[in-house]
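# Close look at the chain arrangement
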Amino acid sequence: MGVYLAIYVSFMMIIGVYAMATTLLNLRHFRKLGNVKDSVDGPLISVIIPARDEEASIGRLLESLEKQSYKNIEILVMNDQSSDGTEEIIKAHAQHDPRIRYFASDPSSRLHANGKINALLQLMPHVRGEYILATDADTYHASECVAHAYSIMKEHGLDIISGFPTELCPSFAGTVNISAMMLTNTLIPHFFVYHFPLPSATFAIGQFIMMRKSAYDETGGYTKIKGHMDDVGIARLFVRNKKSFAFISISRYVACYMYTNASDAFRGIERSIAGIFPPKAVSFIPVFALVAILIHIALSPIAAILLFASESYSYMFPAMLCGLLLFFVSWYIACRKAGWRKLISIAAPLTLVQICVMYIHGLYNRFTGKGFIWKGRKID
């Protein structure tokens, strides 16, 4: 027991120092990338939006895009077999703004097994811009968003960028599930990946991805993506093809009503986690180790209390307390900088447990053949 506790405490000290250093260096990196003068003039930028049953949000998104300070944009919207009022809303906006172009997906088209990628591939032949901004129908954008993103790409000579919008959800449990994404800003050294690109450490989110069209064409784009991860997949494809990528801070400029309840949030984030860490024999041991690590971090506050109350091992308490404080404070800082509420920012232990539950349940869905159902479609 003493050896196990010594290893546990040492691990918490190491992970705490690493998380704090990574979080602070990431924030410094984000500030440096974002320190640009926004340009409202430049080449044509094509905003592409796949929309399936998005009548509650598509109007808000289009209104925000119509108000962009960047002047030279076109907005391509693919109505992906919606069964609600999505089509009528898009067409209404297209009537009074010629920059908005309406498209309907071809039900017989099978360009990709993933529904969203299939819709994006049907949109791509209509793109005329030098840059492409792929965004989701449940987002909305500050008026300076496109100008800021383009200016970052231009200033730093980037081929593709992505970043976290401010994630909004009326459910506390749902928001806790969504906040699982913050693990990437705490543990992934984006500042290091920027200078030393590594596909396996490259992370992106489909709510906001801007790409240089020429680089997209050179890589083969969405046609080359295997699996259902359109966002991480396209970013890793670019990196594998020696294209420059940066994960940036974009939460001030984009917000997203990603999910409306805890159940949808669980299923959606579960699908993403399962996609990032697919059940392959070569990755089983490291992924299993990661799950064990996350569980140990989540339980560290309880472990610290038990150490404090123990007569035999209380001398380990200060080191354990120091490690867990470093980790959870770094999590809090990363969450607050990304626009999360204070209550969510201090819920890291609950979030970490949920990550493990979602991954294990995701594995169950895969191994039993149930797969994932999203917006009426089965995703393998």
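To keep things clear, this report deals only with the structure shown in the data block. (Residues numbered from 1 in each chain as written. Predicted model: local features only at pLDDT ≥ 70, side-chain atom pairs only at ≥ 80, totals over all residues. Heavy atoms only, no water.)

## Some remarks on the environment of Ala180
Topologically, Ala180 is positioned in the loop between helix 6 (172-178) and helix 7 (183-187). Overall, Ala180 belongs to the buried group, its relative accessible area being 9%. Considered as a pair, Ala180 and Asp217 are 37 residues apart in the sequence and their alpha carbons are 32 Å apart. With residues up to four places along the chain from it excluded, the contact list for Ala180 reads Ile269, Thr351, Ile355 and Met358. (Helix = DSSP H or I, 4+ residues; strand = E, 2+ residues; numbered from the N terminus. Buried < 20%, exposed > 50% of the residue type's maximum accessible area, 1.4 Å probe, protein only. Contact = heavy atoms within 4.5 Å.)

## Focus on the packing of aromatic side chains
For the coordinates displayed, the defined rule picks out 13 aromatic pairs. Each ring, one from Tyr140 and one from Tyr257, has its centre 6.4 Å from the other, and the planes form 25°; the classification is stacked. Placement of Tyr140 in strand 5 (residues 139-141) and of Tyr257 in the loop between strand 10 (254-256) and helix 11 (262-276) is noted, with a sequence separation of 117 residues between them. Within the aromatic cluster, the residues linked to one another by ring pairs are Phe30, Phe164, Phe203 and Phe247. (Phe/Tyr/Trp six-rings, centres within 6.5 Å; stacked < 30°, edge-to-face > 60°.)

## A look at the pairing of strand 4 (residues 131-135)
It is a general feature of regular strands that their side chains alternate between the two faces of the sheet. Among the 5 residues that make up strand 4, 5 are buried, leaving the element largely enclosed by the rest of the structure. Residues Tyr131, Leu133 and Thr135 point to one face of strand 4 and Ile132 and Ala134 to the other, with burial holding for every one of them. Sheet analysis places strand 1 (residues 45-51) next to strand 4, joined by 4 bridges and oriented parallel. Its bridge partner lying in strand 4, Ile48 is registered against Ala134. As judged from the 5 bridges shared by strand 4 and strand 8 (residues 208-212), these two strands associate in the antiparallel manner. Considered in strand 8, the bridge of Tyr131 is made with Arg212. (Pairing = 2+ DSSP bridges.)

## Details of unusual backbone geometry
For Gln81, which is not a glycine, the phi torsion comes out positive at approximately 60°. Counting through the fold element by element, Gln81 comes out in the loop between strand 2 (73-79) and helix 3 (86-96). Judged by relative accessible area, which is 34%, Gln81 ranks as partly exposed. Located in the positive-phi region is Lys242, a residue other than glycine, with phi close to 65°. Residue placement: Lys242 occurs in the loop between helix 10 (230-240) and strand 9 (245-249).

## Section: the packing of helix 2 (residues 58-66) against helix 3
For the pair helix 2 and helix 3, interaxial distance at closest approach is 9 Å and the crossing angle is 20°. By the criterion of interaxial angle, the relationship of helix 2 to helix 3 is roughly parallel. Seen from above, helix 2 lies across helix 3 with right-handed handedness. Listed contacts from helix 3 to Ile58, Gly59, Leu62, Glu63 and Glu66 of helix 2 are Ile89, Ile90, His93 and His96. Split into classes, the residues belonging to the contact of helix 2 with helix 3 amount to 4 nonpolar, 3 polar and 2 charged. (Axes fitted to C-alpha atoms, helices over the stretch in contact; angles between N-to-C directions. Parallel < 35°, antiparallel > 145°, perpendicular 65-115°, else oblique. Left-handed = near helix turned anticlockwise from the far one by under 90°. Nonpolar A, V, L, I, M, F, W, Y, C, P; charged D, E, K, R; others polar.)

## Details of the side chain of Gln122
When you line up the elements, Gln122 lands in helix 4 (residues 115-123). Beyond its immediate sequence surroundings of up to four residues, Gln122 is in contact with Met78, Ser105, Asp106, Ser109 and Leu111.

## Overview of the sheet that holds strand 7 (residues 166-167)
Taken in spatial order, the 3 strands line up as 5-10-7 in an open sheet, and their pairing is mixed. Looking at which strands have only one partner, the edges of the open sheet turn out to be strand 5 and strand 7. Two elements, strand 5 and strand 10, share 3 bridges in a ladder whose sense is antiparallel. Its bridge partner being in strand 10, His141 is matched across the sheet by Val254.

## Overview of the side chain of Glu74
Among the structural elements, Glu74 can be located in strand 2. Reaching out from Glu74, the side chain makes a polar contact with the backbone nitrogen of Arg128 at a distance of 2.9 Å. Every residue in contact with Glu74, bar those within four places of it in the chain, is listed here: Leu44, Ile45, Ser46, Val47, Arg99, Arg101, His126, Val127, Arg128 and Gly129. (Polar contact = N/O pair within 3.5 Å; in protein donor to acceptor, adjacent residues only side chain to side chain.)

## Details of the sheet that holds strand 3 (residues 100-104)
Taken in spatial order, the 7 strands line up as 3-2-1-4-8-6-9 in an open sheet, and their pairing is mixed. Unpaired on one side and paired on the other, strand 3 and strand 9 mark the two borders of the sheet. Pairs of neighbouring strands in the sheet enclose a mean axial angle of 20°, with direction left out of account. Helix-sheet contacts for helix 2 involve strand 1, strand 2 and strand 3, and the interaxial angle to strand 1 is about 175°. Across the sheet, helix 5 (residues 145-156) lies against strand 1, strand 2, strand 4, strand 6 (160-164), strand 8 and strand 9, angled at about 50° from strand 8, the strand it touches most.

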